[in-house]
Amino acid sequence: MREMVSEKPYRFVPPYRGRGWWRVLKRGLPWYLNRYWGIERVDIIGAEWLDRSLADGHGVLLAANHPRPCDPFVMGELSRRVRRPLFSMASWHLFMNGGWQAWTMRRLGAFSVFREGIDLQAVGAAVDILVSGERPLLIFPEGVVSRTNDRLNPLLEGVALIARKAAARRSKAQTGDVAIHPVFLRYRFHGDLGASVEPVLAEIERRLTWQPAPQLPLIQRIAKVGQSLLSLKEIEYFGHPETGGLDERLGRLIDHLLAPLERQWLNGEHVSNTVQRVKRLRGAIMPTLSAGELSDVDKSHRWRQLADCYLAQQLSWYPPDYLASDPTPERILETVERFEEDLTDRARIHRPLSARVEVGEAIMVAGERGRRPANEDLLEELEAAMKRMIVESGAARQTV
């Protein structure tokens, strides 16, 4: 399990408002993206929409999909294009060990959010940023990295809550509205796909005690590995491989992992979104770890429960028809990357990649009573806009 949570007590990491380091670090951003993420080019589309909102003095919120860990750095290219640094919300676990990454993230405008509970400090900082309008605020409303560039997962409600609170304050101060810009990130792979994923698949096959099978068609080979990895987890938790379609098997295993925990910690209550289910469970389990009052046996049991939550979340990121419906090189690469990441907690870089950052037209959030949409309505409008961008971007990809 990747180190996504910590038993250390949460401490809010506030926004760093200086611009000097941003001016220095942005110069090296293209080199960094190429060297550490394999991204040789970033194309910016629709930046004029953002320019217009900034010129009009709106509080600007950028809501982006989150297919890869490098997304915040790719968004740095948009920041360079509009000549304005960004603030961004980032999970606290990325800051907690300090080091170069945490230092750099802060200087580029990131501040912490505690995803295992209601973080009033982070919400307050985000609202203050939008009210002041000093910089655009970047949020990834899916909540976690999906590695599914062609699918948008359910959005968490926080983005709508923050926008509405800020719009109400700006209205009261008569300083204008909040503009939410949907942003779609898409990556293209330009290398030799077979040569790139072959070493990864061969390593996974050896872990399964198999002989590597490069003679098999690539899709068949990936499907065989995926079925075997799922069967191993089913044997671990059920005692035997399950039957049925892939979607049915995934759903059954996710419920087997989460439902007992929800009965213990949440009186059996649960929602349909797996990420939200995991978030609520972590919010209930984590305070018992952070209090420092558990025996070693109880602490080990809590960590096992958190590991089950993590596994359920990872399983939810495998769309059953992702390769069957449209096996593009990028979908194949994403699937193999997720296999490797789930097995080893890391995924090697495959190059060369290009990235496309597309900014959509603003969704205006006014603060006047009667004009302000409810959280659910605003979230639905944002989700619909982001899904349209995915469809249009996919159609444009197929014509290239």
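As shown above, the structure is provided for reference.
Residues numbered from 1 in each chain as written. Predicted model: local features only at pLDDT ≥ 70, side-chain atom pairs only at ≥ 80, totals over all residues. Heavy atoms only, no water.

Enquirer: Which parts of the structure should I look at to understand the packing of helix α10 (residues 246-265) against helix α11 (residues 274-290)?
Expert: The axes of two packed helices give the description: the angle between them and the distance between them. Between α10 and α11, the least distance of the axes is 10 Å, while the angle of their chain directions is 45°. As judged from the angle between their axes, α10 and α11 are oblique. The two elements α10 and α11 cross, and the hand of that crossing is left-handed. For the pair formed by α10 and α11, the contact residues are Ile254, Asp255, Leu258, Ala259, Leu261, Glu262 and Trp265 on the first element and Thr274, Arg277, Val278, Leu281, Ala284, Ile285 and Thr288 on the second. The residue makeup of the contact of α10 with α11, split by class, is nine nonpolar, two polar and three charged. (Axes fitted to C-alpha atoms, helices over the stretch in contact; angles between N-to-C directions. Helix = DSSP H or I, 4+ residues; strand = E, 2+ residues; numbered from the N terminus. Parallel < 35°, antiparallel > 145°, perpendicular 65-115°, else oblique. Left-handed = near helix turned anticlockwise from the far one by under 90°. Contact = heavy atoms within 4.5 Å. Nonpolar A, V, L, I, M, F, W, Y, C, P; charged D, E, K, R; others polar.)

Enquirer: Please clarify how the pattern of salt bridges should be interpreted in this entry.
Expert: Two side chains carrying opposite charge are able to pair once their charged atoms lie near each other. Evaluation of the coordinates by the stated rule reveals 29 salt bridges. Between Glu134 and Arg17 there is a salt bridge whose closest N-O contact spans 3.1 Å. Pair noted here: Glu134 is in the loop between α6 (120-132) and β5 (137-139) and Arg17 is in the segment before α1 (20-25), with a separation of 117 residues, a long-range link. For Glu134, a relative accessible area of 27% corresponds to the partly exposed category. Counted as one network, the salt bridges with shared partners bring together Arg68, Arg147, Glu337 and Glu341. (Salt bridge = Lys/Arg side-chain N within 4 Å of Asp/Glu carboxyl O. Buried < 20%, exposed > 50% of the residue type's maximum accessible area, 1.4 Å probe, protein only.)

Enquirer: Hey, could you run me through the nonpolar core in this one?
Expert: Side chains of nonpolar character tend, in soluble globular proteins, to be buried together. Ile39, Leu50, Leu62, Val74, Met75, Leu78 and Leu185 are the most contacted members of the largest nonpolar core, which has 57 residues in total. Among the elements that make up this core, the one with the highest residue count is α10 (six residues). Grouped together as the second largest cluster of nonpolar side chains are 36 residues, Ala63, Ala125, Ala126 and Ala166 included. (Core = buried A, V, L, I, M, F, W, Y, C linked by side-chain atoms within 4.5 Å.)

Enquirer: In this structure, what is going on with helix α4 (residues 71-82)? I would like to understand it.
Expert: It helps to recall that an α-helix has 3.6 residues per turn; residues three or four apart then point in one direction. Relative to the 16 Å expected for twelve residues at 1.5 Å per residue, α4 spans 17 Å between its end C-alpha atoms, a close match to the ideal helical length. By the criterion of burial, α4 is predominantly enclosed, with nine of the twelve residues buried. (Expected span 1.5 Å × (residues − 1).)

Enquirer: What exactly am I supposed to notice about the environment of Val336 here?
Expert: For Val336, the location among the structural elements is in helix α14 (residues 329-344). For Val336, a relative accessible area of 1% corresponds to the buried category. As for Val336 and Arg151, which are separated by 185 residues in sequence, their C-alpha atoms are 16 Å apart. Setting aside residues up to four positions removed in sequence, Val336 forms contacts with Val197, Val200, Leu201 and Ile222.

Scope: geometric values only; no functional claims are made or implied.
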